[in-house]
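# Observations on chain architecture
Below, each chain spelled out in residue letters.
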Amino acid sequence: MSASTVYPLLSLSPELKATLQECIERRLRDTVEANITTQYGIAAASLSLFHQAIAGKDVKTDPTIITDFRRAVPLTDYESYSPFVTRFFGNPRKLSELENILAPGLPSFIAMSSSTTGTKSKLLPKYPRKLPGARPAITRLLNAANSGKTAYIYSFVNQELLEVLGEDGDVMKKIPVCSGSCAGARYVQNWPVETDSTRVGTTVPGHVSPWATGLITHHRSFLLVHALFALSEPTLETFITTFLTLFVDLIHYIQEDWDMLITSIREGTIPDIDRIDHVRTYLQANFQANPQRAEELQNIGPPLTSPVWAQRVWPNVKSLVCVCSGMFAILIPKARSVLGPNVLIRNMGYGCTECAMGRMLNVDDNETPWYMIIYFKPCVFRYLSAVHRLTYICKSGTSSQGKCYQPVATTQDGLWRYLIDDVVQITGFDPRNGSPVFKFYGRKNLAIQFQYAAITEAHLVGIVQAINTEDIVKVQEFTAIVDQREPAQTVGFFLEIMGDTGMVSYPAGPSAKLARHRAFEALVATNEKHQHAFNTGKLRLPTIRIVKPGTFAKYRSWRGESTNADVGQIKVPVVMSNEAQQEWIVERVVTEL
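What this report covers is the structure whose coordinates are included nearby. This structure is a prediction, so every number in the text was calculated from the model and none was measured. (Residues numbered from 1 in each chain as written. Predicted model: local features only at pLDDT ≥ 70, side-chain atom pairs only at ≥ 80, totals over all residues. Heavy atoms only, no water.)

## Some thoughts on the overall build of the chain
This is how it is decided: Each helix is a run of DSSP H or I of at least 4 residues and each strand a run of E of at least 2, with the numbering of both proceeding from the N terminus. We call two residues in contact when some of their heavy atoms are within 4.5 Å. Only the protein chains shown count as covering a residue, and every accessible area follows the Shrake-Rupley method with a 1.4 Å probe.
Counting its secondary structure elements, the chain contains 21 helices and 22 strands. Taking the contacts inside the chain whose residues are at least 6 apart along the sequence as the reference set, 67% of them involve residues at least 24 apart. Here the chain displays about 24,100 Å² of accessible surface, and carbon together with sulfur accounts for 51% of that area.

Following this line, the structure appears as structure tokens:
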């Protein structure tokens, strides 16, 4: 780390404590004042006790409002808001009926969750920023990174446009339904849907791919077109995308379709790629033949032919900006093998469909992904075995290091003490402003639950890291299931490993036969109850199955086709509980350790 690295404090000074407490309470009062008179604020059963408690009080100035809020507002989840959100999807959509549903006015867009586990997407209205300093966390990072030639690998596709009608029947507003990343990218670049026609035939200054590339909905086609334009531009400096998996898939498709891409660059024609006919004219208008560049690339060869390949193809490449912590961190060695040691991999931050929650404490550090709370929403943490509020931590001035918490957010978008289905670990406080600092630990709903113990996302990542060695296998990606092929159940891993995998031989190290034992040791290290279960015949050694190269890229493409999901939001779940997903990946197994 550099000399400018910020390290979290273990305790707060009285001054920082007071500043932090005042900031939390001021934000909370502002949010309550704004949202208490909305349709949800008035009608929600969960807020009835709070209304009784604050009757006759000045919400903005009365300090007892904070105590009333903590005492009378229960934890909420998506089901509390779903009946109100469905009003946006009725007909006709009258302005008078859709204003002030969760927050004042009309939403800027309605965010769709990624439905990674196969469940139905959550739909959450997002309203214009009104509180001071309240802008998406993505803005500062993307604007800072977006200098020089940039491969801006984002989807701009709206799943639906909801037309809101005035009293005379005229369309007063169009509300996009899309992924949060799509809306975030449009917000940063000031690209409202009403002006799409002015951009669709152009390449935005500083970007390497035409804007129309973001309208491609097919995963492979979307990345191949981005790859084509990125390869054509030797001065490219930055890749910006949602998750690290998208960059790895981009490299995979370049390797797989190298000859086609080079021929297209030489001849100046957009190749025959599926499902791009609706934008082909716009792409072709922004693409010219470049025989010299094609010859340069031909001499370099595809990605797997040389180490530090990216710096040979793009000598000026400086950074890759994406989400690369948590389960995505397993892909950093793969990305690093392509990018080399000198290209900075910058983490985007931490958030979910419900809200953005934290930005990096040290923007240029992905080795220690500490996050600090973003203060345009009051946020508390719920200790997993007992409610443990952030404000309690602030008052005590000490952090509970190593303990796991669930975030609880109250947002200007109209969520009230909403329990986020993630798990984080508090590590301290930001010495500059007292903001709590934490690490992302995992998704709570992605745990494997055995009768005697739970295996969390963090546990699964740790087990894979234990076998991700030169002497066993070099793991590129993984997922897990509950393996019930024998009476004694266990954790079953599906691994895609680096190198060429065949039915007879595969790139495993000399100690590969010890992989299951090594995985079991790592499992027992998380909870000794696993050893007892093994000794009593309730658990067997973890199983490890190797899948074909490119399986996880193909999975993302398959999920995109089957769910019509945003190409930038498709993720492989850490735990596959969906039967169709399990059947799909089992068909691609080539060997079992």
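## So, the pattern of salt bridges
To be explicit about the condition: Whenever Lys or Arg places a side-chain nitrogen within 4 Å of a carboxyl oxygen from Asp or Glu, that contact is recorded as a salt bridge. When a residue's accessible area, from a 1.4 Å probe over protein chains only, is under 20% of the maximum for its type it is buried; when over 50% it is exposed; and in between it is partly exposed.
Using the criterion set out here, one finds 25 salt bridges in the structure. Between Asp 30 and Lys 60 there is a salt bridge, and its shortest N-O distance comes to 3.5 Å. Here Asp 30, found in helix 1 (residues 14-35), pairs with Lys 60, found in the loop between helix 3 (48-54) and helix 4 (64-72); they are 30 residues apart in sequence, far enough to count as distant. On the accessibility criterion, Asp 30 (18% relative accessible area) is buried. Take Lys 60: its relative accessible area is 43%, and that puts it in the partly exposed class. We note a salt bridge from Glu 354 to Lys 122, for which the minimum N-O separation is 2.6 Å. One end of the pair, Glu 354, is in the loop between strand 9 (350-351) and strand 10 (356-360); the other, Lys 122, is in the loop between strand 1 (109-112) and strand 2 (123-126), and 232 residues separate them in sequence. Each of Asp 483, Arg 485, Glu 486, Arg 540, Arg 545 and Glu 592 takes part in salt bridges that share partners, so that together they form one network.

## Some words on the nonpolar core
To be explicit about the condition: Among buried residues, those of type Ala, Val, Leu, Ile, Met, Phe, Trp, Tyr and Cys that are joined through side-chain atoms within 4.5 Å constitute a nonpolar core.
Core analysis: the largest hydrophobic core is formed by 102 residues, its most contacted members being Leu 231, Phe 239, Leu 244, Trp 309, Trp 314, Leu 460 and Leu 495. Sorting elements by how many residues they give to this core places helix 9 (residues 219-232) first, with nine residues. Not counting chain neighbours up to four residues away, the residues in contact with Leu 244 comprise Leu 320, Cys 322, Val 323, Cys 324, Phe 328, Leu 331, Ile 332 and Ala 335. Within the second largest apolar cluster, 44 residues are counted, among which are Phe 69, Tyr 81, Tyr 405 and Val 424.

## Comments concerning helix 11 (residues 258-267)
So the rule is basically this: The directions from the helix axis to the C-beta atoms form the arc being described.
Within helix 11, burial applies to Trp 258, Leu 261, Ile 262, Ser 264 and Ile 265. End-on, the buried residues of helix 11 take up no more than an arc of 160°, which puts them together on one face. Structural note: helix 11 exposes Asp 259 and Glu 267 on the side pointing more than 90 degrees away from its buried face. Contacts made by the buried residues of helix 11 are with helix 9, helix 10 (244-256), helix 13 (291-300) and helix 14 (309-313).

## Concerning the environment of Ala 43
Note on placement: Ala 43 falls in helix 2 (residues 39-43). Measuring from C-alpha to C-alpha, the distance between Ala 43 and Phe 84 comes to 9.8 Å, with 41 residues separating the pair along the chain.

## Quick word on the environment of Tyr 350
Positionally, Tyr 350 belongs in strand 9. What makes Tyr 350 buried here is its relative accessible area of 6%. For the pair formed by Tyr 350 and Gly 326, sequence separation is 24 residues and the distance between their alpha carbons is 9.9 Å.

## Description of the sheet that holds strand 1
Keep this limit in mind: Pairing between strands requires that DSSP locate at least two bridges from one strand to the other. Note on geometry: axes are C-alpha line fits, over the in-contact stretch for helices, and angles between N-to-C directions span 0 to 180 degrees.
In spatial order, the strands read 2-1-5-4; together these four strands make up an open sheet with mixed pairing. Here the strands that pair on one side only, and so sit at the sheet edges, are strand 2 and strand 4 (160-165). For this sheet the average axis-to-axis angle between neighbouring strands, irrespective of direction, equals 25°. Running over the sheet, helix 8 (residues 180-189) touches strand 1 and strand 5 (171-179) and is turned about 120° from strand 5.

## Things to note about the sheet that holds strand 19 (residues 475-483)
The four strands are arranged 19-20-21-22 in an open sheet whose pairing can be described as mixed. A strand with exactly one partner marks an edge of an open sheet, and here the two such strands are strand 19 and strand 22 (589-592). On average, each strand axis in the sheet is tilted by 30° relative to the strand beside it, whichever way the strands run. In this structure, strand 21 (residues 543-547) lies alongside strand 22, joined through three bridges in antiparallel fashion. Within strand 22, the position partnered with Ile 546 by the bridge is Thr 591.

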